[in-house]
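Reading the structure
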Amino acid sequence: EEIGMSNNGVYNDPGLRAPMSWDGDTKNVGFTTGRPYRDVAINAAGMNVANEQGDPASLLSFYSRLYHVRQAHPVLGTGAFSLQSAAGDDTLVFTRTGADDQVAVMINLSDAPRTVSARVAPETAFVSALGEGAARSGADGRLSVGVPARGVAVMASARP
C-alpha cells in the first residue's frame, strides 16, 4: 500500500499478499535471492521502494510525511474525535481536539479542487502539518483551505 503495489494477478487474499517490491527485478523484487514464496506484484517494475525512495512526489514519500505528522501531533491518536462530514459527501472532514491543540483533517474525494471547511476553535492560527501553508479560523470557528482533487490537508493549531 505504501508504494502502490498491486496484486500478483490473483484477485483473492493470497493475491494481495505478494512479496514486498524492494526493487524492480520482476523475478524476485529484491525480496529474496531465490524464488519468492508467491508471484510478485504485477506492477513491481515501476512501483517499488528503489524507484520511490528520494522522490518527494512518490507515494512512499507521502506515507513518510504522514508518519511524521502522526509523531509530531499526538492529538491525532488521543484527542476527542469529531466527524464533520456526512455519508455521500465528496469530502471527509474530521477534527481531533486535545487540551492544548487541535488538528483538522480535510480530504477531498472529488476529481476537482475544492475549498473545504472544518469547525474548529474560533480565531485560531493553524499551520499545515504537511508543510503547505497556514490559515486562521474566523470568529465563527470556520477554517477553510483549498484542497486539491483527491488530496488532503492536515491543519494543526499553532502551539503557543
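Everything numeric here is computed off the predicted structure, so don't read it as measured data. (Residues numbered from 1 in each chain as written. Predicted model: local features only at pLDDT ≥ 70, side-chain atom pairs only at ≥ 80, totals over all residues. Heavy atoms only, no water.)

What follows concerns unusual backbone geometry. Unusually for a residue other than glycine, Glu123 sits at a positive phi of about 45°. Note on placement: Glu123 falls in the loop between strand E4 (114-119) and strand E5 (125-128). Of note, the phi angle at Arg150 is positive, near 50°, even though the residue is not glycine. Along the chain, Arg150 falls in the loop between strand E7 (142-147) and strand E8 (152-157). Assessed through its relative accessible area of 58%, Arg150 is described here as exposed. (Helix = DSSP H or I, 4+ residues; strand = E, 2+ residues; numbered from the N terminus. Buried < 20%, exposed > 50% of the residue type's maximum accessible area, 1.4 Å probe, protein only.)

A complete count under the given rule lists 3 salt bridges for this structure. Measuring nitrogen to oxygen at the nearest pair gives 2.8 Å for the salt bridge that ties Asp90 to Arg114. Of this pair, Asp90 sits in the loop between strand E1 (80-83) and strand E2 (91-97) while Arg114 sits in strand E4, and the two are 24 residues apart along the sequence. Linking Asp111 and Arg150 is a salt bridge whose minimum nitrogen-to-oxygen distance equals 2.9 Å. Residue Asp111 is found in the loop between strand E3 (102-108) and E4, and its partner Arg150 is found in the loop between E7 and E8; the two are separated by 39 residues along the sequence. (Salt bridge = Lys/Arg side-chain N within 4 Å of Asp/Glu carboxyl O.)

Low-confidence regions, as indicated by low pLDDT, have predicted coordinates that should not be scrutinised in detail. Of all residues in the chain, 99% have pLDDT values of 70 or greater, and the mean over the chain is 93. Of all secondary-structure elements in the chain, the lowest mean pLDDT belongs to helix H1 (residues 13-16), at 81, while E1 reaches the highest, 98. (pLDDT = per-residue confidence, 0-100.)

What follows deals with the pairing of E3. When you tally the buried positions in E3, you get 6 out of 7 residues, the bulk of the element. Looking at chain direction, E2 and E3 are connected through 7 bridges and run antiparallel. The residue of E3 that forms the bridge with Thr91 is Asn108. Examined bridge by bridge, E3 and E8 share 5 bridges and lie antiparallel to one another. Bridge pairing links Val103 to Ala156 in E8. (Pairing = 2+ DSSP bridges.)

A few words on the pairing of E8. Burial analysis of E8 places 6 of its 6 residues in the buried class, which makes it a mostly covered element. Both E5 and E8 contribute to a ladder of 3 bridges, which runs antiparallel. Within E8, the residue paired with Ser128 across the bridge is Met155.

For the rest of this paragraph, the subject is a nonpolar patch on the surface. On the surface, Phe81, Leu83, Leu92 and Leu109 cluster together into a nonpolar patch covering about 360 Å² of accessible area. Structurally, the position occupied by Leu109 is in the loop between E3 and E4. Residue class for Leu109 comes out partly exposed when judged on its relative accessible area of 42%. (Patch = residues over 30% accessible without salt bridge, like charges linked within 9 Å, V, L, I, M, F, W, Y side chains within 5 Å. Areas by Shrake-Rupley, 256 points an atom, 1.4 Å probe, with all protein chains shown as cover.)

This part takes up the nonpolar core. Soluble globular proteins tend to pack their nonpolar side chains together in the buried interior. If you look at the biggest cluster of nonpolar residues, it comprises 13 residues, and the most contacted ones within it are Met106, Leu143, Val145 and Met155. Those elements giving two or more residues to this core turn out to be E3, E4, E7 and E8. Top element by residues in this core is E7. It accounts for 3 residues. Not counting chain neighbours up to four residues away, the residues in contact with Val145 comprise Met106, Arg114, Thr115, Val116, Ala135, Ala153 and Met155. In this structure, Val103, Val105, Val152 and Val154 belong to the second largest nonpolar core, which totals 10 residues. (Core = buried A, V, L, I, M, F, W, Y, C linked by side-chain atoms within 4.5 Å. Contact = heavy atoms within 4.5 Å.)

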